[in-house]
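# Breakdown of the fold
Listed below are the residues making up each chain.
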Amino acid sequence: MNNLTSSKVIKVSLVSLAVIAIGFVIVIGRDFIYPVCLAVLFAYLVYPLTSFLEKYIKYKVLATLISVIITVTIVAGAIFFLYTQLTEFLGDFTGLKSQANENFGVLKERLQEKLPFVFDERTNINGLLQGVLGAQENLLRKVFNATTGTLVGLGLQPVYVYFMLYYRNHFKEFLFEVTKPSYHDRLKITLEQIASVTKNYVSGVFIVVLILCVLNSVGLTIIGVKYALMFGVISAIMNFIPYFGTLIGGAIPLLYTLVSPHPEKAIGVIILFLIIQFTENNILTPNITGGRVAINPLFTIFIIIIGGLAWGLPGMFIFVPFLGMFKVVCEHIDSLKPLAKVISPKNPEQLSPGLDWIKKQFSNKK
């Protein structure tokens, strides 16, 4: 009995040390590991195009190269657009600070008429406002420079994606060679499920983001927000982060309208993003991604926070699908099945209640 207890203690200790070591490697090797992990997700995204081209192009190397070039061209075009728009926006930031000060002055006067006790001579709100806006400008410039530096550092992404696609069968053969023959059937099912989950999730998220780019941009244009297309794209990109993406994305144009010459447009922005959030959470994401990763909200939030602490903004997106892959692996290992169960939601295949309600309304009319 004592030997059995000691064995369990040793196993738990080894697992704990392994987790600590993996966490240490993830943080220390950030600059190398996260571009590789991102390339894995891009490879799953590009794979359908590569597979399609391989049906019509005899040479695999050429089909893979063309698919990577097409993807790089699209991504480079989007980055160039955001770069030019952000450069112009940051150039206008000084004027925005002056306009923000003016807007606040008007608000302060109106509040003093209604609530004279709110402000007194010792209240230096203007200085505080300028300090906050100055800090935000510095933050925007740091984020802009950091993003540019990151993109330069990710120059090897096309190379990673190309070789991952070209040698995909080699990786699969390697896994079968290092696995006992008795486990080959289980390994085959595991790999197929990982491929299906990751491919559908990543492609689904990209489709949702593209739809939101259109919805956000059109909505902000109708409201009359300057840089509507830029804000629409940036807000949509934030939806790569589950749960928090819509909130962060909507806050960016909202803050801009509050310090613009027409702060009343902020009401329209709030209404727009409430509608978009309902559409995205209840119709687009549940039915396009299909709940493929199937992780319950608690663990999704945990992994987003951990990803943000470890790798920043890229980690908040990357860690979610990799947790989905890990869950699939756990489902096929007997000792890890309880872990897969606690990570999974209760009803992963259930449609969104919002969509069900809409369907019922249309069916009742018929």
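Conventions adopted
Residues numbered from 1 in each chain as written. Predicted model: local features only at pLDDT ≥ 70, side-chain atom pairs only at ≥ 80, totals over all residues. Heavy atoms only, no water. Axes fitted to C-alpha atoms, helices over the stretch in contact; angles between N-to-C directions. Helix = DSSP H or I, 4+ residues; strand = E, 2+ residues; numbered from the N terminus. Left-handed = near helix turned anticlockwise from the far one by under 90°. Contact = heavy atoms within 4.5 Å. Nonpolar A, V, L, I, M, F, W, Y, C, P; charged D, E, K, R; others polar. pLDDT = per-residue confidence, 0-100. Salt bridge = Lys/Arg side-chain N within 4 Å of Asp/Glu carboxyl O. Buried < 20%, exposed > 50% of the residue type's maximum accessible area, 1.4 Å probe, protein only. Core = buried A, V, L, I, M, F, W, Y, C linked by side-chain atoms within 4.5 Å. 1 Å grid on protein atoms, 1.4 Å probe; cavity = no way out; pocket = protein on both sides within 12 Å on 5 of 7 lines; lining within 4 Å. Points joined across faces, edges and corners; volume = space filled by probe spheres on them. Parallel < 35°, antiparallel > 145°, perpendicular 65-115°, else oblique.

## Quick notes on the packing of helix H2 (residues 30-54) against helix H13 (residues 313-331)
Between H2 and H13, whose axes approach to 10 Å, the crossing angle comes to 65°. Where H2 crosses over H13, the two elements pack in a sense that is left-handed. Contact residues: Tyr34, Cys37, Leu38, Val40, Leu41 and Tyr44 in H2; Pro314, Phe317, Ile318, Pro321, Phe322 and Met325 in H13. Residues belonging to the contact of H2 with H13 are distributed by class as follows: 12 nonpolar, no polar and no charged.

## Describing the confidence of the model for the protein chain
Confidence in the prediction for the protein chain averages 77 pLDDT; 71% of positions are at 70 or higher. Every residue in residues 349-355 scores below 50 in pLDDT, and together they form 12 contacts with partners more than four places removed in sequence or on other chains.

## Brief notes about the pattern of salt bridges
Scanning the model with the defined rule gives 3 salt bridges in all. For the salt bridge of Glu331 with Lys327, the shortest nitrogen-to-oxygen distance reads 2.8 Å. Taken together, the positions of Glu331 and Lys327, both in helix H13 and 4 residues apart, correspond to about one turn of that helix. On the basis of relative accessible area, Glu331 is assigned to the partly exposed category, the value being 31%.

## Comments concerning the environment of Val225
With respect to the helices and strands, Val225 occurs in the loop between helix H8 (184-223) and helix H9 (228-237). Ignoring anything within four residues of it in the chain, the contact list for Val225 reads Leu220, Phe231, Tyr256, Thr257 and Val269.

## Side note on the side chain of Asn296
Within the secondary structure, Asn296 sits in the loop between helix H11 (265-288) and helix H12 (297-311). Setting aside anything within four residues of it in sequence, one finds Asn296 in contact with Val342, Ile343, Ser344 and Pro345.

## Observations concerning the nonpolar core
With 47 residues, the main nonpolar core has Leu220, Met230, Phe231, Trp311, Phe317 and Ile318 as its most contacted residues. For this core, the secondary-structure elements that each account for two or more residues are H2, helix H3 (60-91), H8, H9, H11, H12 and H13. With 10 residues, the top contributor of residues to this core is H8. Not counting chain neighbours up to four residues away, the residues in contact with Ile318 comprise Tyr34, Cys37, Leu38, Leu41 and Trp311. One finds Ala39, Val161, Tyr162 and Leu165 within the second-largest nonpolar core, a separate group that totals 8 residues.

## Things to note about empty space enclosed by the protein
Applying the stated criterion across every chain, the model contains 1 cavity of 30 Å³ or more. For the lining of the largest cavity, the secondary-structure elements that each account for two or more residues are helix H10 (245-258) and H11. No other element matches the 3 residues that H10 contributes to the lining of the largest cavity. Of the residues belonging to the lining of the largest cavity, the class tally is 2 nonpolar, 6 polar and no charged.

## Section: the packing of H2 against H3
Remark: H2 packs on H3, axes separated minimally by 9 Å, with the N-to-C direction vectors making an angle of 140°. By the criterion of interaxial angle, the relationship of H2 to H3 is oblique. Classified by chirality, the crossing of H3 by H2 is right-handed. Between H2 and H3, the residues in contact are Val46, Leu49, Thr50, Leu53 and Glu54 and Lys60, Ala63, Thr64, Ile66, Ser67, Ile70 and Thr71, respectively. Considering only residue class, the contact of H2 with H3 consists of 6 nonpolar, 4 polar and 2 charged.

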